[in-house]
Amino acid sequence: MFEKHEAFALSDDAFRLLRDLIRDYSGIYFDDSARYLLEKRLTARLRTNNINNYRDYYRYLLYDRNREDELAAIMDVLTVNETYFFREKNQLLSFSDEILPELRQKNKNSRKIRIWSAGCSTGEEPYTIGMLILESNLFNGWDIEILGSDINRRVLQTARRGIYRQNSFRSIERYYINKYFEPLPDGSFKILDRVKRLLNFGYLNLFDAVKMSSLGSMDVVFCRNALIYFDMPSKKKVVEEFYNVLPDGGYLLLGHAESLINMSTAFALKHLKHDLVYQKPESSSQKSSLQRMISCRKR
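Treat the numbers as computed from the prediction; the structure is a model and nothing was measured.

Thresholds, definitions, all that
- Residues numbered from 1 in each chain as written.
- Predicted model: local features only at pLDDT ≥ 70, side-chain atom pairs only at ≥ 80, totals over all residues.
- Heavy atoms only, no water.
- Helix = DSSP H or I, 4+ residues; strand = E, 2+ residues; numbered from the N terminus.
- Rg over C-alpha atoms; globule rule 2.2 N^0.38 Å.
- Buried < 20%, exposed > 50% of the residue type's maximum accessible area, 1.4 Å probe, protein only.
- Contact = heavy atoms within 4.5 Å.
- Areas by Shrake-Rupley, 256 points an atom, 1.4 Å probe, with all protein chains shown as cover.
- Lys, Arg positive; Asp, Glu negative; His and termini not counted.
- Charge placed at Lys NZ, Arg CZ, Asp CG, Glu CD.
- Phe/Tyr/Trp six-rings, centres within 6.5 Å; stacked < 30°, edge-to-face > 60°.
- Polar contact = N/O pair within 3.5 Å; in protein donor to acceptor, adjacent residues only side chain to side chain.
- Salt bridge = Lys/Arg side-chain N within 4 Å of Asp/Glu carboxyl O.
- Pairing = 2+ DSSP bridges.
- Axes fitted to C-alpha atoms, helices over the stretch in contact; angles between N-to-C directions.

(A) Geometry of the overall build of the protein. The helix and strand inventory of the protein stands at 12 helices and 10 strands. A globule of 299 residues ought to have a C-alpha radius of gyration of about 19 Å, and the protein, at 21 Å, matches this closely. The C-alpha extent of the protein, read off along each of the three principal axes, is 65 × 60 × 30 Å. The buried share among the 299 residues of the protein stands at 49%. When contacts within the protein are restricted to residue pairs at least 6 apart in sequence, those whose partners lie at least 24 apart make up 75%. Looking at the protein as shown, the accessible area adds up to about 15000 Å², and 47% of this sits on carbon and sulfur atoms. For the protein, the centre of its 46 positive side-chain charges and the centre of its 39 negative side-chain charges are spaced 3 Å apart.

See below:
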């Protein structure tokens, strides 16, 4: 029906409508400079649905009975999924050397830990967390769950397969490849079941408050290099959800280029040996004290 290289012009008003709809659905925000990107990436979705202009596509996303499936489909083409094993090593050293021993002491009665990799992409981050937990030898016989979630269904399929090519190994020591991966004839590597069985992967929109509230308590939340695609109100909303799933003393680990400045004062910035991390205050009184201190500094 359409020529191979047929383009669909994205008018100013259609751009604003689609941008706001996507932001309200997922928190992902396209400013004016990224308009061409939205136009380029949604073109294939218009063709797939036999729609030849963005106004009609907007109405499709609002009213069609398949709108939820289509919204999920456009997340597959709009989200960026660049990642690799052992990304941001200093933070991982803090997690391995200080946070994990603290969790062992804190959870010694329940012998259970739950860690969430929010925006896990193709799975390198949660598998890295799994390898570090096994390597620590601190939790033999414990109930360990690492949840990897993403809004992109395509990358979750890759994560569940657990098969990776060389580009994912740019920052990993050979020791971990030899110990936790099986080489395959085509040159790729498959993560071993001893790591895989620690993980669960699932589709999750960080803007879905109902599903977020059903996750239960997490000891640590990793959300690295995902909030950068959100506008400020969306960031605040998601960070508040992270706060809610963490127990007192739980950790929030963001990417090195990210901070909670102007987003939240509910977390304390903690100086660990290798890195700075965010921690939910141990008690509400500690939180109140921290907020009073911040308030005094602002005066």
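Let us keep going from here.
(B) Just the packing of aromatic side chains, in detail. Using the criterion set out here, one finds 16 aromatic pairs in the structure. Ring geometry for Phe 169 and Phe 189: centres 5.4 Å apart, planes at 70 degrees, overall edge-to-face. Here the residue Phe 169 occupies a position in the loop between strand 3 (163–164) and helix 8 (174–180), and Phe 189 occupies one in strand 5 (residues 189–191), the gap between them amounting to 20 residues. Neither residue differs from the other here; Phe 169 and Phe 189 are each classed as buried. With a centroid separation of 5.2 Å and an interplanar angle of 85 degrees, the aromatic rings of Tyr 175 and Tyr 176 are classed as edge-to-face. With a relative accessible area of 39%, Tyr 175 lands in the partly exposed category.

(C) A look at the side chain of Asn 107. Structurally, the position occupied by Asn 107 is in the loop between helix 5 (89–106) and strand 1 (112–118). In this structure the side chain of Asn 107 is engaged in a polar contact, spanning 3.2 Å, whose partner is the side chain of Asp 219. With sequence-adjacent residues up to four places away left out, Asn 107 is seen in contact with Lys 112, Ile 113, Trp 142 and Asp 219.

(D) Quick peek at the pattern of salt bridges. In this structure the tally under the stated criterion is 16 salt bridges. Arg 23 is paired through a salt bridge with Asp 24; the nearest N and O atoms lie 3.3 Å apart. The exposure class of Arg 23 is partly exposed, given its relative accessible area of 23%. Look at Asp 24 and you get exposed, because its relative accessible area is 52%. In this structure, a network of salt bridges that share partners links the residues Arg 19, Asp 20, Arg 23, Asp 24 and Asp 32.

(E) The sheet that holds strand 4 (residues 181–183), seen in detail. A sheet is described by the order of its strands in space; here three strands give the open sequence 3-5-4, paired in antiparallel fashion. Pairing within the sheet leaves two strands with one partner each, and these edge strands are strand 3 and strand 4. Across two bridges, the pairing between strand 3 and strand 5 is antiparallel. Bridge assignment links Tyr 164 to a residue of strand 5, and that residue is Phe 189.

(F) Spatial organisation of the pairing of strand 7 (residues 220–223). Judged by which residues are buried, strand 7 turns out to be covered on both faces: Val 220 and Phe 222 on one side and Val 221 and Cys 223 on the other are all buried. Across three bridges, strand 1 lies against strand 7 in parallel orientation. Looking at strand 7, one finds that Ser 117 is bridged to Phe 222. For strand 7 and strand 8 (residues 251–254), the ladder comprises four bridges, and the chain directions are parallel. If you follow Cys 223 over to strand 8, its bridge partner there is Leu 254.

(G) Seen up close, the environment of Ile 113. Structurally, Ile 113 can be placed in strand 1. With relative accessibility at 0%, the residue Ile 113 sits in the buried group. Ile 113 sits 105 residues away from Met 218 along the chain, and the two C-alpha atoms are 7.6 Å apart. Residues contacting Ile 113, with those up to four places away along its chain left out, are Leu 103, Asn 107, Ile 133, Phe 139, Trp 142, Asp 143, Ile 144, Glu 145 and Asp 219.

(H) Quick peek at the pairing of strand 1. Counting buried positions along strand 1 gives six out of seven residues, so the element sits mostly inside the fold. As paired elements, strand 1 and strand 2 (residues 143–150) share seven bridges and run parallel to each other. Bridge pairing in strand 2 places Ile 115 opposite Ile 146.

(I) The sheet that holds strand 10 (residues 276–279), seen in detail. As summarised here, the arrangement of the seven strands in space is 6-2-1-7-8-10-9, forming an open sheet in which the pairing is mixed. Two strands lie at the open edges of the sheet, namely strand 6 (199–203) and strand 9 (268–271), each paired on one side alone. If you compare each strand with its neighbour and ignore which way they point, the axes differ by 25 degrees on average. Sheet strands touched by helix 7 (residues 153–161): strand 2 and strand 6. Its angle to strand 6, the strand with the most contacts, is close to 165 degrees.

Interpretation note: all reported values are geometric properties and have no functional meaning in isolation.
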